[in-house]
Amino acid sequence: MSTKATLNYNDLSIDLPVITGSENESAIDIAALRSGANLVTIDPGFKNTGSCESAITFLDGDKGILRYRGYSIEELAEKASFLEVAYLLIFGELPNTEQLEVFENDIKSNSVVDEDIKKIIDAFPKAAHPMGVLASLTSALTAFNPSSVNVNSEADMYKAIVKIMGKFPVLVAWTMRKTQGLPIDYGDKNLDYVGNIMKMMFGQPNEGFKVNPAVKEALNKLLILHADHEQNCSTSTVRIVGSSHAGLFASLSAGISALWGPLHGGANQAVLEMLEAIREDGGDTAKFMMKAKDKNDPFRLMGFGHRVYKNFDPRARIIKKAADEVLEDLGIDDPVLDIAKSLEKEALNDPYFVDRKLYPNVDFYSGIIYRSLGIPVQMFTVMFALGRLPGWIAQWREMRLGKEPIGRPRQIYTGATLRSYVDISHR
Ligand code: CMC
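Residues numbered from 1 in each chain as written. Predicted model: local features only at pLDDT ≥ 70, side-chain atom pairs only at ≥ 80, totals over all residues. Heavy atoms only, no water.

Q: What am I meant to see in the site of the ligand here?
A: As a structural note, the neighbourhood of the ligand is formed by 23 residues, with H264, R300, L301, G303 and R307 the closest of them. Side-chain polar atom of R300 to an oxygen atom of the ligand: 2.7 Å apart, as the coordinates give it. Contact between the ligand and F304: a nitrogen atom at 2.9 Å from a main-chain N or O atom of the residue. Compared with its free state, where it exposes 930 Å², the ligand has 77% of that area covered by protein. Here the residues of the shell around the ligand are counted per class, giving eleven nonpolar, six polar and six charged. (Near = heavy atom within 4 Å. Polar contact = N/O pair within 3.5 Å; in protein donor to acceptor, adjacent residues only side chain to side chain. Areas by Shrake-Rupley, 256 points an atom, 1.4 Å probe, with all protein chains shown as cover. Nonpolar A, V, L, I, M, F, W, Y, C, P; charged D, E, K, R; others polar.)

Structure below.
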């Protein structure tokens, strides 16, 4: 395979290096384009643009492959704990027993947040969207932990990482309890990471808390499936904010805001609202299929389609199976699961969806599981953020250790050319 591409433009001929990744994906390195030919590239939505080289997550959209650090998502979801996966993503290798213990203990000893954070939570209206609250609280953590801002060594980075791994679940749980009018729960150091999240989210003030193993298994799986997904909208946001050396918590807060949108993580909430709307409308899935295909109707089949997966989303397959299992384990009969299945069946046989390679994505079935666990709809995207946290951290750390330059794209200006100021009386 050639290691260079030649660009001919006017009288110029420039050789541009072609780099190849470990899975044989190739890219033209255009770093010399502007200095060599006074050209930049333009690619709205970055559909063809690689923003970095990364050794964290590999995905092949045609074959439906997703791997973290070389391990298949199927195997990790089946066998690993969320904390093991977090360590793997952030530090590159699966931890041995001792490494995992140290990591877990360091996180536990950082899992208390400043009591004044409660005052901030109290100042939000009860109806505030939890994603807005979470982004604000994550940003506020910077003020309470100023030493986490200037991270210039791996040791500093490690401290910031275990701090946020410890405190983020507290913010998530407290955000949810605020919406439910429940007192906050400080968790229990004797529980493991996911068990402790469950206690802080689901524990009732007037009874002891017991971890339900079926719920824990489902939550562990969901968190792993969401843990990283290479250079998506929120991850690219975290990397680009971090590239200005803004600090980990501020970068994560920006990532949370990016995740909130319904075309990204916000789709899980939108899916459940859509399924509910179909149910309330009488369950006529064909009617909503027509709406999704109508170019004059802004309605889209939420939870369908993906920028990269053009065959199937491997996470959706695992989640669909998990939804069946969890609902059975918990003895729940949710009518929206049947609506989801029939929508999927219709879409997979409809030329509109087949021709555009639109398949169910990770968000299509996840909300059904969250709901069965007693998580309110507005919290679904927050749960996505909880899972994505180690991925964002890993990507931020890789970017800082790689000494990547500040992210600063170019543009092609299409506005007015030079003109003279016109006094207001003549406009
Ligand atoms: N329903 C109906 N039509 C769709 C859908 C959909 N869900 N998704 C894409 N299309 C059509 C779109 O109208 C376009 O048609 P045409 O070529 O005739 O103009 C074609 O398919 C290509 O769509 P696109 O918007 O150019 O593709 P994209 O890669 O820019 O967008 C997407 C990908 C995920 C934003 C989009 O498929 C979408 O809006 N899906 C619904 C929202 C959703 O489920 N998002 C979660 C994504 S996975 C998790 C995550 O990233 O957080």
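Further notes follow.
Q: When you look at the side chain of K199 in this model, what are you seeing that I'm missing?
A: If you trace the backbone, K199 turns up in helix α8 (residues 193-202). Note on K199: relative accessible area 18%, which makes it buried. For K199, the side chain forms a polar contact with the side chain of D185, separated by 3.1 Å. (Helix = DSSP H or I, 4+ residues; strand = E, 2+ residues; numbered from the N terminus. Buried < 20%, exposed > 50% of the residue type's maximum accessible area, 1.4 Å probe, protein only.)

Q: Mind showing me how you'd approach the state of the cysteines here?
A: Here a disulfide denotes one covalent bond, and it connects the sulfur atoms of two cysteines. Using the criterion set out here, one finds zero disulfides in the structure. C52 takes part in no disulfide bond, and the closest cysteine sulfur to it belongs to C233, at a distance of 14 Å. Overall, the relative accessible area of 48% leaves C233 in the partly exposed class. (Disulfide = S-S within 2.5 Å.)

Q: Just to check I follow, could you spell out α8 for this structure?
A: In an α-helix, one turn spans 3.6 residues, which is why side chains three or four residues apart end up on the same side. Counting buried positions along α8 yields ten of ten residues, so the element is predominantly enclosed. Regarding α8, the residues found buried are Y193, V194, G195, N196, I197, M198, K199, M200, M201 and F202. Next to the buried residues of α8 lie α3 (82-91), α4 (97-108), α7 (154-180), α9 (213-225) and α18 (380-401). (Contact = heavy atoms within 4.5 Å.)

Q: Can you walk me through the packing of aromatic side chains in this structure?
A: Two descriptors summarise a pair of aromatic rings, namely the distance from one centre to the other and the angle between the planes of the rings. Applying the stated criterion across every chain, the model contains twelve aromatic pairs. A centroid spacing of 5.7 Å and a plane angle of 85° characterise the contact between W174 and Y186, whose relative ring orientation is edge-to-face. With a gap of twelve residues between them, W174 in helix α7 and Y186 in the loop between α7 and α8 connect regions that are remote in the sequence. On the accessibility criterion, Y186 (46% relative accessible area) is partly exposed. Put simply, the rings of F304, Y352, F353, F364 and Y365 pair up and form one aromatic cluster. Just above the ring of F312 sits the side chain of R317; from NZ or CZ to the centre is 3.5 Å. Directly above the ring of Y352 sits R356, whose terminal nitrogen or CZ lies 3.9 Å from the centroid. (Phe/Tyr/Trp six-rings, centres within 6.5 Å; stacked < 30°, edge-to-face > 60°. Lys NZ or Arg CZ within 6 Å of the ring centre and 35° of its normal.)

Q: What's the story with the pattern of salt bridges in this structure? I'm lost.
A: Counted under the stated rule, the structure contains 22 salt bridges. Here D192 makes a salt bridge to K216, at a shortest N to O gap of 2.5 Å. Residue D192 is located in the loop between α7 and α8, and its partner K216 is located in helix α9; the two are separated by 24 residues in the primary sequence. By relative accessible area, which is 31% here, D192 ends up partly exposed. Each of E276, R279, D334 and R371 takes part in salt bridges that share partners, so that together they form one network. (Salt bridge = Lys/Arg side-chain N within 4 Å of Asp/Glu carboxyl O.)

Q: Help me understand a negative patch on the surface, please; the structure alone is not making it clear to me.
A: On the surface, a cluster of negative charge is made up of E78, E217, E328 and D329. Looking at where E78 falls in the secondary structure, it is placed in helix α2 (residues 73-79). (Patch = residues over 30% accessible without salt bridge, like charges linked within 9 Å, V, L, I, M, F, W, Y side chains within 5 Å. Lys, Arg positive; Asp, Glu negative; His and termini not counted. Charge placed at Lys NZ, Arg CZ, Asp CG, Glu CD.)

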